[in-house]
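Fold and contact review
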Amino acid sequence: MVKRNVNFNPGPAALPLEVLKIVQEELLDYQGSGMSILESSHRAKEFESVNDQTIALVRELLGLGTDYHVLFLGGGASTQFALVPMNFIPDGGMAAYIDTGEFAAKALKECQIVAKAHVAFSSKEEKYVRVPRMDEIKYPADVAYLHLCSNNTIEGTQFKKFPDTGKVPLVADMSSDIASRQLDFKKFALIYAGAQKNLGPSGVALVIIRDDFLATARKGLPSMFSYRVHADNKSLYNTPPTFAIYIMKLVLEWIKGKGGLGGIEKINIAKKDLLYGAIDAAVDFYKGTAQKDSRSMMNVTMRLPSEELEARFIAEAKKEGLLGLKGHRSVGGIRFSIYNAVSLDDIRKTVDFMEKFRKSA
Ligand SMILES: *Cc1c(COP(=O)(O)O)cnc(C)c1O
């Protein structure tokens, strides 16, 4: 038996052990090809089949039709911060952004480098403790799109509902909660997500674009910056991050085996209920930082009475094999990133530790 710690890292993050075992088994001779998938050409039938299957799995699990292009691109989610405005804001145009956290603010900032942006809502003054109510989101009717970040990884807040934007295309950064719950993904014109939280290893970003929105994309951009070029070539315009895509396929198959997004969501609800329950049961000691109705199911953030206790909490947890609990350097505190690959059993172990720690402190 390999020793495996409970991995609460925010990203790159835990991967299912079952997936890692398949990777290990297939590593030297991929399905009788006599070579590793790492060594395969991206034009070889082995990889083309991986690419096609991964696209099909994304559509199947998210309930999307072939009117959605599924792309696998290098450069992470951060590159999409720039490519979205470059591709979709026409000359002299503007997009609207909801500012609910550090990554949402980064997306806004990148947009402002290439075009104008309207801030449709910001919780910055409230230290990003919440996402907006639907009636607080305000923007001009003629914006190129409305951008939001569905789950704020650093602050631990998450949208439960999404605005009805009518004719305005809705764009979402779902890096830290993609494939963790059932949603009406058809509501979105474009979704992007770095894979390293819920979908696989670092190195690949998933980008999903609806046909009618892609049709409005700017022409004449350098090829690598053009979503059209990537869509026309099924992400094979240049060499894509092949190994990361292969692992994403295995992760998606693993999710399917758990009953798809419905099955995964049930487990994720049980996990967050248990963890927030433990925090709320000790209010004088553990303090959740997100406003309750905005609490994230993926990143659970809390403070202890002092920074010294927080440091001890992290050190003691580490001795018990609970790793990656330090809050983001910009906010401090404790953060449990409880993505799909973190199990309910892992959370049970964690709440036992929390109870023990509180009593001994
Ligand atoms: C991690 C994260 C990013 C940054 O992703 P990279 O792949 O490192 O560029 C962007 N947005 C959100 C919501 C994230 O959680």
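Residues numbered from 1 in each chain as written. Predicted model: local features only at pLDDT ≥ 70, side-chain atom pairs only at ≥ 80, totals over all residues. Heavy atoms only, no water.

Some points on the overall build of the protein chain
For the protein chain, the helix and strand inventory stands at ten helices and 14 strands. Taking 2.2 N^0.38 as the reference for a compact globule, 361 residues should give roughly 21 Å; the C-alpha atoms of the protein chain span a radius of gyration of 21 Å, in line with that estimate. Reported as C-alpha extents along the three principal axes, the dimensions of the protein chain are approximately 65 × 55 × 30 Å. Within the span of the protein chain, comprising 361 residues, buried residues form 54% of the whole. (Helix = DSSP H or I, 4+ residues; strand = E, 2+ residues; numbered from the N terminus. Rg over C-alpha atoms; globule rule 2.2 N^0.38 Å. Buried < 20%, exposed > 50% of the residue type's maximum accessible area, 1.4 Å probe, protein only.)

Let's talk about the domain arrangement of the protein chain
In terms of domain boundaries, the protein chain breaks down into domain 1 (18-257) and domain 2 (260-360). With centres defined by C-alpha atoms, the gap from domain 1 to domain 2 works out at 27 Å. Buried area between domain 1 and domain 2, both sides added, is near 2100 Å², and the carbon and sulfur share of it is 53%. Connecting domain 1 to domain 2 are zero salt bridges. Taken together, the connections running from domain 1 to domain 2 amount to 17 residue pairs in polar contact (both at pLDDT 80 or more). At the level of secondary structure, the elements contributing two or more residues to the side of domain 1 that touches domain 2 comprise helix H2 (45-62), strand S7 (157-158) and helix H7 (242-257). Top element by residues in the side of domain 1 that touches domain 2 is H7. It accounts for three residues. Across the side of domain 1 that touches domain 2, the residue classes tally to nine nonpolar, nine polar and eight charged. (Domains from an automatic or database assignment. Buried area = accessible area lost by both parts, 1.4 Å probe. Salt bridge = Lys/Arg side-chain N within 4 Å of Asp/Glu carboxyl O. Polar contact = N/O pair within 3.5 Å; in protein donor to acceptor, adjacent residues only side chain to side chain. Nonpolar A, V, L, I, M, F, W, Y, C, P; charged D, E, K, R; others polar.)

A word on the sheet that holds strand S14 (residues 334-337)
Judged by pairing direction, the sheet is antiparallel, and its three strands sit side by side in the order S11-S12-S14 without closing on themselves. The open sheet has two free edges, formed respectively by strand S11 (287-288) and S14, since each of these has just one partner strand. As paired elements, strand S12 (residues 299-303) and S14 share four bridges and run antiparallel to each other. Residue pairing in the sheet places Asn-299 in a bridge with Ser-337 of S14. Packed on one face of the sheet, helix H9 (residues 307-319) meets S12 and S14 and runs near 35° to S14. (Pairing = 2+ DSSP bridges. Contact = heavy atoms within 4.5 Å. Axes fitted to C-alpha atoms, helices over the stretch in contact; angles between N-to-C directions.)

Description of a nonpolar patch on the surface
Taken together, the side chains of Leu-27, Leu-28 and Leu-38 make up a nonpolar region of the molecular surface, amounting to roughly 300 Å² of accessible area. Among the secondary structure elements, Leu-27 is positioned in the loop between helix H1 (17-26) and H2. (Patch = residues over 30% accessible without salt bridge, like charges linked within 9 Å, V, L, I, M, F, W, Y side chains within 5 Å. Areas by Shrake-Rupley, 256 points an atom, 1.4 Å probe, with all protein chains shown as cover.)

Examining empty space enclosed by the protein
All chains considered together, the criterion is met by two cavities of 30 Å³ or more. Of the voids in this model, the largest cavity is the one considered here, and its volume is about 50 Å³. Of the residues belonging to the lining of the largest cavity, the class tally is eight nonpolar, three polar and one charged. Two domains each put at least three residues into the lining of the largest cavity: domain 1 (18-257) and domain 2 (260-360). Within this model, the second largest cavity holds a volume of roughly 30 Å³. In this structure, the second largest cavity is lined by Tyr-30, Ser-33, Met-35, Ser-36, Ile-37, Ser-40 and Glu-46. Of the residues in the lining of the second largest cavity, the class split is three nonpolar, three polar and one charged. (1 Å grid on protein atoms, 1.4 Å probe; cavity = no way out; pocket = protein on both sides within 12 Å on 5 of 7 lines; lining within 4 Å. Points joined across faces, edges and corners; volume = space filled by probe spheres on them.)

Focus: the state of the cysteines
As enumerated under the stated definition, the model contains zero disulfides in all. There is no disulfide at Cys-149, and the cysteine sulfur nearest it, in Cys-111, is 15 Å away. Cys-149 gets classed as buried once you look at its relative accessible area, which sits at 2%. (Disulfide = S-S within 2.5 Å.)

Remarks on the nonpolar core
Grouped together as the largest cluster of nonpolar side chains are 55 residues, with contacts concentrated most on Leu-62, Phe-72, Ile-178, Leu-206 and Ile-255. No other element matches H7, which puts ten residues into this core. Grouped together as the second largest cluster of nonpolar side chains are 30 residues, Leu-73, Tyr-97, Ala-144 and Ala-231 included. (Core = buried A, V, L, I, M, F, W, Y, C linked by side-chain atoms within 4.5 Å.)

Observations regarding the layout of surface pockets
By volume, the largest pocket amounts to about 400 Å³. Around the largest pocket, the lining is made up of 22 residues, and of these Leu-17, Ala-341, Val-342, Ser-343 and Asp-346 lie nearest the centre. If you list the elements that add at least two residues to the lining of the largest pocket, you get strand S1 (6-7), H1, helix H8 (260-280) and helix H10 (344-360). Considering every element that reaches the lining of the largest pocket, the biggest residue donor is H8, with four residues. Residue composition of the lining of the largest pocket, by class: eleven nonpolar, five polar and six charged. Size it by volume and the second largest pocket reaches roughly 290 Å³. Forming the boundary of the second largest pocket are 20 residues, of which Gly-11, Phe-103, Thr-153, Gln-196 and Lys-197 lie nearest the centre. With four residues, helix H3 (residues 76-88) is the largest single contributor of residues to the lining of the second largest pocket. Its residues placed into classes, the lining of the second largest pocket shows six nonpolar, eleven polar and three charged.

Looking at the site of the ligand
Near the ligand there are 13 residues, and of these Ser-78, Thr-153, Asp-173, Gln-196 and Lys-197 occur at the shortest range. Backbone polar atom of Ala-77 to an oxygen atom of the ligand: 3.0 Å apart, as the coordinates give it. Between Thr-153 and the ligand, the recorded distance is 2.4 Å, taken from a side-chain N or O atom to an oxygen atom. Its atoms largely coinciding with the cavity grid, the ligand occupies the second largest pocket. Among the elements that line the shell around the ligand, the one with the most residues is H3, at four residues. By residue class, the composition of the shell around the ligand is four nonpolar, seven polar and two charged. (Near = heavy atom within 4 Å. Sits in = over half its atoms within 2 Å of the grid points.)

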